[in-house]
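# Breakdown of the fold
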Amino acid sequence: MVQMYTILGRQVGSHWLAIATLSTLFTGTYLASSGGSSKKQSTTTPPINASTPDEADFIKKFLEEADGKKEAKH
């Protein structure tokens, strides 16, 4: 037979208390170790302070190529 405990006026077996304790422990550990929600970083870039429009176009083109190479590696 199992040891019975009276909890809130009901008879509960010790095996159910053990199952509830272990479930709570493992669920809490999983939720604590899973971390928070991951938010995407802002994709905005700082303003480009170029002296000429050609220089600004060159910088934009360079940044686009650099982003393309970074994504291709992953």
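It should be emphasised that the depicted structure is a prediction, and the values quoted were computed from it without experimental measurement.

## Here we look at the overall build of the protein
Check the secondary structure of the protein and you find 2 helices and 2 strands. When the helices and strands of the protein are placed in sequence order, the string is β-β-α-α. Going through the 74 residues of the protein one by one, you find that 3% of them count as buried. Surface exposure of the protein reaches about 7,300 Å², of which carbon and sulfur atoms provide 60%.

## Examining the pairing of strand β2 (residues 10-13)
One ladder, built from 4 bridges, connects strand β1 (residues 4-7) with β2; its direction is antiparallel. Within β2, the residue paired with Met 4 across the bridge is Gly 13. As consecutive antiparallel partners, β1 and β2 are separated by 2 residues, and within that stretch Leu 8 has a phi angle of approximately 55°, a positive value.

## Section: the UniProt feature "transmembrane region" (unreviewed entry) in the protein
Here, UniProt's "transmembrane region" (unreviewed entry) annotation points to residues 12-32. Along residues 12-32 the backbone is 90% helical and 10% strand, and the end-to-end C-alpha distance reaches 29 Å.

## Some words on the environment of Gln 3
Inspection of the secondary structure puts Gln 3 in the segment before β1. The class of Gln 3 is partly exposed, set by a relative accessible area of 48%. Along the chain, Gln 3 and Ser 14 lie 11 residues apart, while their C-alpha atoms are 5.6 Å from each other. What Gln 3 contacts, discounting residues up to four positions off in sequence, is Val 12, Gly 13 and Ser 14.

## A closer look at unusual backbone geometry
Despite not being glycine, Leu 8 shows a phi value in the positive range, around 55°. Within the element layout of this structure, Leu 8 appears in the loop between β1 and β2.

Rules of the game
Residues numbered from 1 in each chain as written. Predicted model: local features only at pLDDT ≥ 70, side-chain atom pairs only at ≥ 80, totals over all residues. Heavy atoms only, no water. Helix = DSSP H or I, 4+ residues; strand = E, 2+ residues; numbered from the N terminus. Buried < 20%, exposed > 50% of the residue type's maximum accessible area, 1.4 Å probe, protein only. Areas by Shrake-Rupley, 256 points an atom, 1.4 Å probe, with all protein chains shown as cover. Pairing = 2+ DSSP bridges. UniProt positions renumbered as here; feature names shortened; annotations may be inferred. Contact = heavy atoms within 4.5 Å.

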